[in-house]
Amino acid sequence: MIPSIRHTSPIQSRYLDFIEALRQTDFQGDLNPDYANRTVLATDNSIYQVLPQGVVYPKTVDDLVTLTTLSHRAEFQDVVLSPRGGGTGTNGQSLTDGLVVDTSKYMNEILEINVEERWVRVQCGVVKDQLNKALKPHGLFFAPELSTSNRATIGGMINTDASGQGSCRYGKTRDHVLELRTVFLDGSDWTSRPVDDAELTDISQRENRVGEVHRTVNQIYTDHAEQIEARFPKLNRCLTGYDLAHIRTAEGLFDLNSVLCGSEGTLGFIAEAKLNLLPIPKVSALVNVNYRDFNAALRDATELMKAEPTSIETVDSKVLNLAMNDIVWHSVSEFFPPSSTGEPIQGINLVEYTADTEEDLDAAVKRLTGRLDAELENDNGRLGYSLAWGSEAVAKIWAMRKKSVGLLGNAEGEARPIPFVEDTAVPPENLADFIMEFRAALDQRGLAYGMFGHVDAGVLHVRPAIDMKDPAQEALIRPITDEVVALVKKYNGLLWGEHGKGVRAEYAPEFFGELYPQLQRLKACFDPNNQLNPGKIATPKTELELLTIDGVTTRGQQDRKIPVQVWEGYSEGMHCNGNGQCHNWNPNDAMCPSWKGTRLRTHTPKGRASLVREWLKQLSERDVNAIEESEATRKQSFLLSFPSRLKNTLSKKRGEYDFSHEVHESMMGCLACKSCTGQCPIKVDVPSFRSKFLELYYGRYLRPLKDYFIGGLEYMVPTLARVPWLYNGLMKPRFMQAIMAKVAGMVDSPLLTGISLDNALHERRIRYASPANIAALTQVQRDNAVIVVQDAFTSYFETQLVLDSLDLLTKLGFTPLVAPFKPNGKPLHVHGFLGPFAKAAVKNAAHLNDLARSGIPLVGLEPSMTLAYRSEYQKVLGREAPEVALIQEWLARQGEQLEPRKDLLEPNTFALLAHCTEKTNAAASIKDWQSVFTALGQKLEVVDVGCCGMAGTYGHEASNVETSKKIYGLSWAEVVNKPENAGKLTATGYSCRSQAKRIDGASIPHPLQVLLAQM
Ligand SMILES: Cc1cc2nc3c(=O)[nH]c(=O)nc-3n(C[C@H](O)[C@H](O)[C@H](O)COP(=O)(O)OP(=O)(O)OC[C@H]3O[C@@H](n4cnc5c(N)ncnc54)[C@H](O)[C@@H]3O)c2cc1C
Ligand code: SF4
Ligand code: SF4
């Protein structure tokens, strides 16, 4: 039995006092000093892990004013505050051992869109993709681009001066900032915009922080204009943050925003921003140029620039190969055919053109393709090119490119590509030579790495693979960084070309030279007590130190406290690198419903991975090995352990602290939809490690009754189905539902159909798949036979679907057989009954493998139960796991049989709402549905929706109902209720169909039922 984790890292008393004092004010936001929140916000995407004292989630600008005013009081002037947005920084930008102030949870509203004047006013926590989605109907967009656009906030973008693909055409975030509303540390709330000298004089006379800031910054600029001119580099990626070189605009106005943009939360809280917008280019295309070596791709970029594209991005073969093995490849593979010579493609330049008319676009693209065609024989390393025409195709390729950064983390083994020198910028003409030397520095140390970046701007992303758990490898961070710093200097570039400085600020004094004290002076006038994100960019006093790249706790230092056996046993969660893809804002994306339904960072795949890692570390520090504990728990007698589990549960009820409760709370919010498993670039698989956690947690505490009900349902249901009137009679009445909710924690439990499958099969002369029945098939029947593997949900709660499927198969000329029912075990796995699950899997697999030996294919109707055979079963049984295809995977291969029967069906158009597990873990199978429909003369469009909120039994659990319905409301409700969709929708998941029925009373058929109805 695992021990209780009563003590973790205590909160420093001054922070407890501060939080308590804040509680006494009219602060409206959330105060979270709990260990779960502290743990989850201790990391970003960097190699560092810094435990904060607590997390504060302000709701309004007034909250920020209250917070800063309090921090300004004499007794709290040693309290540290670090603003945080999406937390996607790559160099510890938002990490702190003080208080994290996360503005993304509540301050995320788009306040005003002015289409005529082309600007927008937003709160700082608005996500970049959220903004552009709202702007799209107006034909406008916020131009600065970044790979993390689906989770990075405008506040974070402004503070890192984010930019990416297209920066040569569109500039950086700062270039689109019109006004900033900032709350300074004394509580003053100031909106800055470029001002003329008269206004500057006026503002400078103010007595508060606002006046002081304007006076000092102007003074520094006036006194040091020459040094500033000489020091600040003249790159596309000009130096960002404290940018004194641009304090005067081209028109001579004083612009405080040039200092604030890129200041990494060290000068004030950006609460709101007014941003410049651009018209969306009407048409776009990509020319994908392939190379036989990456260096050739880099060198060629300057040549390609002559054809005046909008942007040029490059990826190397490593990144390309990773993309090929990811779900994302399904959407772009057609644009990357093998080279005509058969030579391997080692690098690609993605050259983008945008225009307002097709004719202009055509002419622009021909500028390049004409060149490429004419230079075919030249020795320039080019292998050929392909074209992607239209914004939809272009968006798919950019999505693949954006995902590349995350994919780089998904290497085999323990050495993983990590960011620390990942965003260097040099003048583009120096890039190829610079990279040659950079590569030599990595090659000489035997390190693997992948590369991609914005070649047009001279920015290349390089992440060397290092196992930070190994102290010897960790020690490489310093010499490599030093060497790269020297290299960028040699090639007139910057170490921090795109992602900001973060802990790399230690190189700032050397970089700024004699100007550095002026940066300190600047910091001091905004933040004299070094309270705002200290140690980054500059300190207010010389005696205060900057952070150093090897002076901050790393994740590796924490992770190495977990024994190798445990690390490997929980590998599904250990390699999360915090890139934040799972914090995806898009409600129409499957990842991650529990995050979208709660907006809690502790309820995300990253949050759960962070918590389980910390939990394993805490156990390890108590000499408890979670793997050995798991074995012991399986042997633990239910009855003998009952008294101690009861005692522990009573202690829990009395409020006794155990960190495991916080981890449990987070795990229980997971829908086990497996979208993380399929979509996380690192393949973090929450349901797998969640089950392992639950097994151990319930070795110490009593399980809720519902777990036994859900876990045992598959075993009970065949018996219950014999007396459906009894089961339904017990479940249906309102008072019984109330009792079920109270006692068993279940609501809206599905009712048995009462249809006897045995009788219905008999009527149809369809046989169960037994050795005797298979042997009795004629050769023709055998050649067309398929075995439908039952699952409890479809067979007993939606029996008509099984029958409709069998009828359709028969009409299509197949000989369907039905595998006798055996529990699949998936519900057991979801709830952490891992021992019983393994037994169920062994038994069911033996049965299915027997049937499979007949050579007749096995197919399943229910996506999540069927996909368990290739994931959960594989983990227990390896190669012994039975092969059961999703029905559409098998049908799609039967084109010859389907095509001739096309005429039996009325042609029509339908819209598919696919199940999350299916579309994220078997992405190709969605296209299979389309192929099947096409083969039968139907059109099937795939609707972009997120999760329906039901996910197995999640939505039936009383504690989840509210969130389940909220999740449904995020994307499904609109689609289901749209009048144009009436009669068109079809859904593959049992859960999805029952959720639409329970909430909207909508009966959505399965795709096979749709096809049958067309006959
Ligand atoms: C996989 C990956 C790819 C990336 N690709 C790019 C890229 O293409 N281009 C690019 O520019 N960057 C990129 N980044 C880096 C990162 O996404 C950007 O720096 C982004 O702008 C950070 O936004 P955020 O909301 O996550 O901010 P956070 O990481 O939360 O914070 C960043 C900084 O801003 C400060 N901050 C945040 N909000 C506020 C506020 N309201 N007031 C004051 N200070 C605030 C924080 O203190 C911190 O210093 C990438 C990161 C990852 C993990
Ligand atoms: S769980 Fe996956 S997507 Fe989420 S932060 Fe971790 S690695 Fe990134
Ligand atoms: S299984 Fe689904 S709900 Fe659970 S963490 Fe993964 S994406 Fe989120």
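Owing to the predicted nature of the structure, the values given are computational and were not obtained by experimental measurement. (Residues numbered from 1 in each chain as written. Chains lettered and ligands numbered in written order. Predicted model: local features only at pLDDT ≥ 70, side-chain atom pairs only at ≥ 80, totals over all residues. Heavy atoms only, no water.)

A. Summary view of the site of ligand 2. The full set close to ligand 2 counts 13 residues, and Cys576, Asn579, Gly580, Cys582 and Cys680 are the nearest of them. By residue class, the composition of the shell around ligand 2 is seven nonpolar, five polar and one charged. (Near = heavy atom within 4 Å. Nonpolar A, V, L, I, M, F, W, Y, C, P; charged D, E, K, R; others polar.)

B. Structural detail: the packing of aromatic side chains. Using the criterion set out here, one finds 25 aromatic pairs in the structure. Measuring from centroid to centroid gives 6.4 Å for Tyr968 and Trp972, while their planes differ by 35°, and the two rings are tilted. Taken together, the residues span about one helical turn, with Tyr968 and Trp972 both in helix 46 (residues 961-977) at a distance of four residues. Overall, Tyr968 belongs to the buried group, its relative accessible area being 1%. The exposure class of Trp972 is buried, given its relative accessible area of 1%. Each member of the aromatic cluster is reached from another via a ring pair, and the members are Tyr570, Trp615, Phe693, Tyr697, Tyr698 and Tyr701. The side chain of Lys501 reaches across the aromatic face of Trp496, ending 5.3 Å from its centre. (Phe/Tyr/Trp six-rings, centres within 6.5 Å; stacked < 30°, edge-to-face > 60°. Helix = DSSP H or I, 4+ residues; strand = E, 2+ residues; numbered from the N terminus. Buried < 20%, exposed > 50% of the residue type's maximum accessible area, 1.4 Å probe, protein only. Lys NZ or Arg CZ within 6 Å of the ring centre and 35° of its normal.)

C. Highlighting the environment of Leu494. As for its position among the elements, Leu494 is in the loop between helix 17 (477-490) and helix 18 (508-512). The exposure class of Leu494 is buried, given its relative accessible area of 0%.

D. Summary view of the site of ligand 1. Inspection of the region around ligand 1 gives 36 residues, with Pro83, Gly85, Thr88, Thr153 and Ser163 positioned closest. In this structure, Gln93 approaches ligand 1 through a main-chain N or O atom, which is 3.2 Å from an oxygen atom. Ser163 is positioned such that a nitrogen or oxygen atom in its backbone is 2.6 Å from a nitrogen atom of ligand 1. Protein contact buries 99% of the 970 Å² of open area that ligand 1 shows by itself. For the shell around ligand 1, the secondary-structure elements that each account for two or more residues are strand 3 (81-84), helix 5 (154-160) and strand 10 (269-276). Ranked by residue count, the leading element in the shell around ligand 1 is helix 5, at five residues. (Polar contact = N/O pair within 3.5 Å; in protein donor to acceptor, adjacent residues only side chain to side chain. Areas by Shrake-Rupley, 256 points an atom, 1.4 Å probe, with all protein chains shown as cover.)

E. Structural view of the environment of Arg870. If you trace the backbone, Arg870 turns up in the loop between helix 40 (863-867) and helix 41 (872-877). For Arg870, a relative accessible area of 34% translates into the label partly exposed. The spatial distance from the C-alpha of Arg870 to the C-alpha of Ala885 is 9.2 Å, given a sequence separation of 15 residues. The contact partners of Arg870, leaving out residues within four places of it in the chain, are Val884, Ala885, Leu886, Glu889 and Ala922. Within the structure, the side chain of Arg870 is placed 3.5 Å from the backbone oxygen of Val884, a separation counted as a polar contact. Among the polar contacts listed, one links the side chain of Arg870 to the side chain of Glu889, at a separation of 2.7 Å. (Contact = heavy atoms within 4.5 Å.)

F. Seen up close, the sheet that holds strand 1 (residues 30-32). Read across the sheet, four strands follow the order 1-2-4-3 without closing on themselves; strand pairing throughout is mixed. The open sheet has two free edges, formed respectively by strand 1 and strand 3, since each of these has just one partner strand. Sheet twist, expressed as the mean angle between neighbouring strand axes with direction ignored, is 20°. Here four bridges tie strand 3 to strand 4 (residues 99-102), and the two strands are oriented parallel to one another. For Leu81, the partnering residue across the bridge sits in strand 4 and is Leu99. (Pairing = 2+ DSSP bridges. Axes fitted to C-alpha atoms, helices over the stretch in contact; angles between N-to-C directions.)

G. Spatial organisation of the side chain of Ser339. On the secondary structure map, Ser339 appears in the loop between helix 12 (317-324) and strand 14 (347-355). Reaching out from Ser339, the side chain makes a polar contact with the backbone oxygen of Glu343 at a distance of 2.6 Å. When residues no more than four places from it in sequence are discounted, the contact partners of Ser339 are Ile345 and Leu383.

H. A look at the sheet that holds strand 24 (residues 909-913). Sheet architecture is open: three strands sit in the order 25-24-26, paired in parallel fashion. Edge strands, defined here as strands with exactly one partner in the open sheet, are strand 25 (939-942) and strand 26 (985-987). Across this sheet, the average inter-strand angle for adjacent strands is 35°, counted without regard to direction. Where helix 45 (residues 924-935) meets the sheet, it contacts strand 24 and strand 25, and its direction lies at approximately 160° from that of strand 25.

I. Summary view of helix 17. Counted at 1.5 Å a residue, the expected span for helix 17 with its 14 residues is 20 Å, and the 20 Å between its end C-alpha atoms agrees. Of the residues making up helix 17, those classed as buried are Ile477, Ile480, Thr481, Val484, Val485, Leu487 and Val488. Each buried residue of helix 17 lies within a common arc of 165° when the element is viewed along its axis, so the set occupies one face. Residues of helix 17 that are exposed and point over 90 degrees away from its buried face: Lys489 and Lys490. Taken together, the buried residues of helix 17 touch strand 17 (424-425), helix 15 (431-443), strand 19 (459-466) and helix 16 (471-474). (Expected span 1.5 Å × (residues − 1). Arc of directions from axis to C-beta.)

J. A look at the packing of helix 7 (residues 197-204) against helix 8 (residues 209-223). In contact at an axis separation of 7 Å, helix 7 and helix 8 are set at 125° when each is read in the N-to-C sense. In terms of orientation, helix 7 lies oblique with respect to helix 8. In this structure, helix 7 contributes Leu200, Ile203 and Ser204 to the contact, and helix 8 contributes Val210, Gly211, His214, Arg215 and Asn218. Split into classes, the residues belonging to the contact of helix 7 with helix 8 amount to three nonpolar, four polar and one charged. (Parallel < 35°, antiparallel > 145°, perpendicular 65-115°, else oblique.)

K. Broad picture of the pairing of strand 19. The buried count for strand 19 comes to eight of eight residues, which makes it a mostly enclosed element. Burial along strand 19 is two-sided: Val459, His461, Arg463 and Ala465 facing one way and Leu460, Val462, Pro464 and Ile466 facing the other are all buried. Here strand 17 runs beside strand 19; their pairing, made up of two bridges, is antiparallel. Residue pairing in the sheet places Ala425 in a bridge with Val459 of strand 19. For strand 18 (residues 449-454) and strand 19, the ladder comprises six bridges, and the chain directions are antiparallel. Note that in strand 19 the partner of Phe452 across the bridge is His461. What sits between strand 18 and strand 19 in their antiparallel hairpin is a turn of four residues, with Gly458 showing a positive phi close to 75°.

L. Region of interest: the pattern of salt bridges. A complete count under the given rule lists 59 salt bridges for this structure. One salt bridge in this structure joins Lys561 and Glu621, with 3.8 Å as the shortest N-O distance. Taken together, the residues span a long stretch of sequence, with Lys561 in the loop between helix 20 (555-559) and helix 21 (564-569) and Glu621 in helix 24 (residues 605-621) at a distance of 60 residues. As a salt-bridge pair, Asp807 and Arg764 come within 2.7 Å of each other at their nearest N and O atoms. Linking Asp807 in helix 37 (residues 799-811) with Arg764 in helix 33 (residues 757-764), this pair joins segments that are 43 residues apart in sequence. (Salt bridge = Lys/Arg side-chain N within 4 Å of Asp/Glu carboxyl O.)

Read these as spatial facts, not as claims about activity.
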